[in-house]
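# Observations on the model geometry
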Amino acid sequence: MRSLVARFFSRPFEREEAVQEIWLLAHRMVAAYDPERGQILPWLRALGANRCKELLRAQGRRPAPDVNLDLEAVAEPSDPEQVAQTARARAAVARFERALGAEEAGVFRLSLVEERAHEEVARAVGITVRRCKYLRMKLLLRAAADAELRRALAEVTGP
Amino acid sequence: MSVWFHRGAIRRAVAGDLSEPAERRLRAHLHGCQACRAHYDELAGIAEAFAVTRGATGTAAGVARERARLLAALPSPEEQIAGGLDATRLPASRTARARRPTLTWAVAFLVPAAAAALWLVVRPASHPNPPAHPDSGAGSVAWRGSSSGEDPGPPASLLVFASRKGSSKSTSKSTPADAAAAPPHVRLVADLPASGEGRVSRGDFVQFVLRGLQAKAFVTVIGIDDEGEVHTYVPPAGSEVVSHEPSPSSISLGSSVDLGSGHRTGRLRLYALMSPSALDPARIRVAAGRIDLKQTGAPPLDLPVPQVAGVLTIGP
């Protein structure tokens, strides 16, 4: 559902709201789903795509011209462009990580990239949970201020 | 300015460290504040991108938050049975009501500052707390129980359901329970203030349902069309306005309305007024007469009561 919604909304907040609305709509409409008429996945995709269009219409917007409205189309992980973009993003992340001190690099890798729990990261790096949270936030803000990293990351997630 | 106040909450939300109620309040604010939303998007986008580089489709914190929000928004099985027509409780607010947090913060900081300045300048005979204008937003914020200055969110959601005339099991006297028995024939057309608007036709019956009422209130629902004609839907003609107890579930507001009768095609500005005491209908009409019909959307009525607004576009 997230990848479907991402075709319509590029910004994280809009995407999250749209995904939430679609799941709630699906919950409400589930009684209308008839398994004899088709599988649930196409039904969900159609429901999601229609809700996204409605949300865009409510904002006076239309789907971007390059939006792939083929509901069956799912981005292949082996798509060469996507592979290249991910490689560029990984290289930018590695460059960013190399510029950090040992403690920060540990928190960055474990907390921001691997998304382990604060307690686990704190134990692994040998710091308090409080400091771990502080460093995580500091690194996120530092990443936001790194124009080159942002450019590379935007390629894989949109602007 | 707003970003400065909310940046801590935004950063905690992205990190997944914000509580669910606080996040719901933050998200209601984000709907109305472009600057805060941009800050949120920037940080959430980067956190998401880090996850994508390791092959995930979203951050673990984001997925957990998504699940928590969804579970919080879903009605319990008891509510589904009791509520009849069930619908979503969205944390969104896209109308002027959504901008109330900004007002709340402004009041919280500017009023004490102004009072302190007054006290310093005219100390012997000063009145550091000038009475607020009765129609100012601060009064309604206090009524909604926001003593801490935090955003309490919309006072309730107004859900608008529609059913096409002639569809089976739907009549002009259909109730939410009837409609729930025939879900394919009833559709949710608006969830105000979240959706902001909805589309219906003159061939529809509409039914109003209040959801998530935060405080005991007398509820009035009116519509104002493009010609300025005021339609009072709740209470129905000849009935007294009744109060409703706060409830997280759905409250059906009277019988359905036939849009083919007495309604024009075009925009219908819809208002649900939730007042602590019964409102004088004449006062509502005066406030309705003051709104600018050329303005897009549904500008707030000049009444010092919590209100939820949106636009229903009535097609032929």
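Being a predicted model, the structure only gives us computed values, none of them experimental.

Each value, and the rule that gives it
Residues numbered from 1 in each chain as written. Chains lettered and ligands numbered in written order. Predicted model: local features only at pLDDT ≥ 70, side-chain atom pairs only at ≥ 80, totals over all residues. Helix = DSSP H or I, 4+ residues; strand = E, 2+ residues; numbered from the N terminus. Contact = placed C-beta atoms within 7 Å. Axes fitted to C-alpha atoms, helices over the stretch in contact; angles between N-to-C directions. Parallel < 35°, antiparallel > 145°, perpendicular 65-115°, else oblique. Left-handed = near helix turned anticlockwise from the far one by under 90°. Nonpolar A, V, L, I, M, F, W, Y, C, P; charged D, E, K, R; others polar. Core = buried A, V, L, I, M, F, W, Y, C linked by C-beta atoms within 7 Å. Buried ≥ 20, exposed ≤ 12 C-beta atoms within 10 Å, placed from the backbone. pLDDT = per-residue confidence, 0-100. Expected span 1.5 Å × (residues − 1).

## Things to note about the overall build of chain B
Scanning chain B from N- to C-terminus turns up 9 helices and 11 strands. Taking the contacts inside chain B whose residues are at least 6 apart along the sequence as the reference set, 77% of them involve residues at least 24 apart.

## Topic: the packing of helix H2 (residues 12–29) of chain A against helix H3 (residues 40–58) of chain A
All names here are of chain A. Axis separation between H2 and H3 bottoms out at 10 Å; the angle between their running directions is 125 degrees. Overall, the two elements H2 and H3 adopt an arrangement that is oblique. When you trace H2 past H3, the crossing you get is right-handed. Two secondary-structure elements touch here, H2 through Ala18, Glu21, Ile22, Leu25, Ala26 and Met29 and H3 through Leu44, Leu47, Gly48, Arg51, Cys52 and Leu55. Of the residues belonging to the contact of H2 with H3, the class tally is 9 nonpolar, 1 polar and 2 charged.

## Observations concerning the nonpolar core
Most often, soluble globular proteins have nonpolar side chains that are buried together. With 46 residues, the main nonpolar core has B:Leu158, B:Val160, B:Leu210, B:Val221, B:Tyr271 and B:Ala272 as its most contacted residues. Looking at this core, the elements that each hand over two or more residues are strand S1 (157–164), strand S2 (186–192), strand S4 (204–213), strand S5 (217–225), strand S6 (230–234), strand S10 (266–275), helix H9 (281–290) and strand S11 (307–315) of chain B. Not counting residues within four places of it along the chain, the set of residues in contact with B:Val221 comprises B:Phe208, B:Tyr233, B:Val234, B:Leu253, B:Tyr271 and B:Ala272. In this structure, A:Cys132, B:Ala9, B:Ile10 and B:Ala47 belong to the second largest nonpolar core, which totals 39 residues.

## Focus on the confidence of the model for chain B
Residues and elements named next belong to chain B. On average, residues of chain B score 70 in pLDDT, and 65% of them are at 70 or above. Below pLDDT 50 for its whole length, residues 81–111 participates in 91 contacts with residues either more than four positions away or in separate chains. The low-confidence segment residues 169–174, where pLDDT is below 50, has 18 contacts with residues more than four positions distant or belonging to other chains. Among the prediction metrics, the complex's ipTM stands at 0.75, with pTM recorded as 0.45.

## Description of unusual backbone geometry
The peptide bond linking B:Leu192 to B:Pro193 adopts the cis configuration, its omega dihedral lying at 10 degrees. Mapped onto the secondary structure, B:Pro193 falls in the loop between S2 and strand S3 (197–201). B:Val234 connects to B:Pro235 through a cis peptide bond whose omega is 0 degrees. With respect to the element layout, B:Pro235 can be found in the loop between S6 and strand S7 (243–244). Backbone geometry at A:Glu115 places phi at a positive 55 degrees, although glycine is not the residue there. Tracing the backbone shows A:Glu115 in the loop between helix H5 (102–113) and helix H6 (118–125). Look at A:Glu115 and you get buried, because 20 C-beta atoms sit within 10 Å.

## A closer look at the confidence of the model for chain A
Of all residues in chain A, 87% attain a pLDDT of 70 or more, and the chain-wide mean is 81. No element of chain A has a lower mean pLDDT than helix H8 (residues 147–157) of chain A, at 78, and none a higher one than H6(A), at 89.

## A closer look at helix H3 (residues 34–53) of chain B
Here H3(B) spans 28 Å end to end across 20 residues, near enough to the 28 Å set by a 1.5 Å rise per residue. The element H3(B) is largely enclosed, with a buried count of 17 among its 20 residues.

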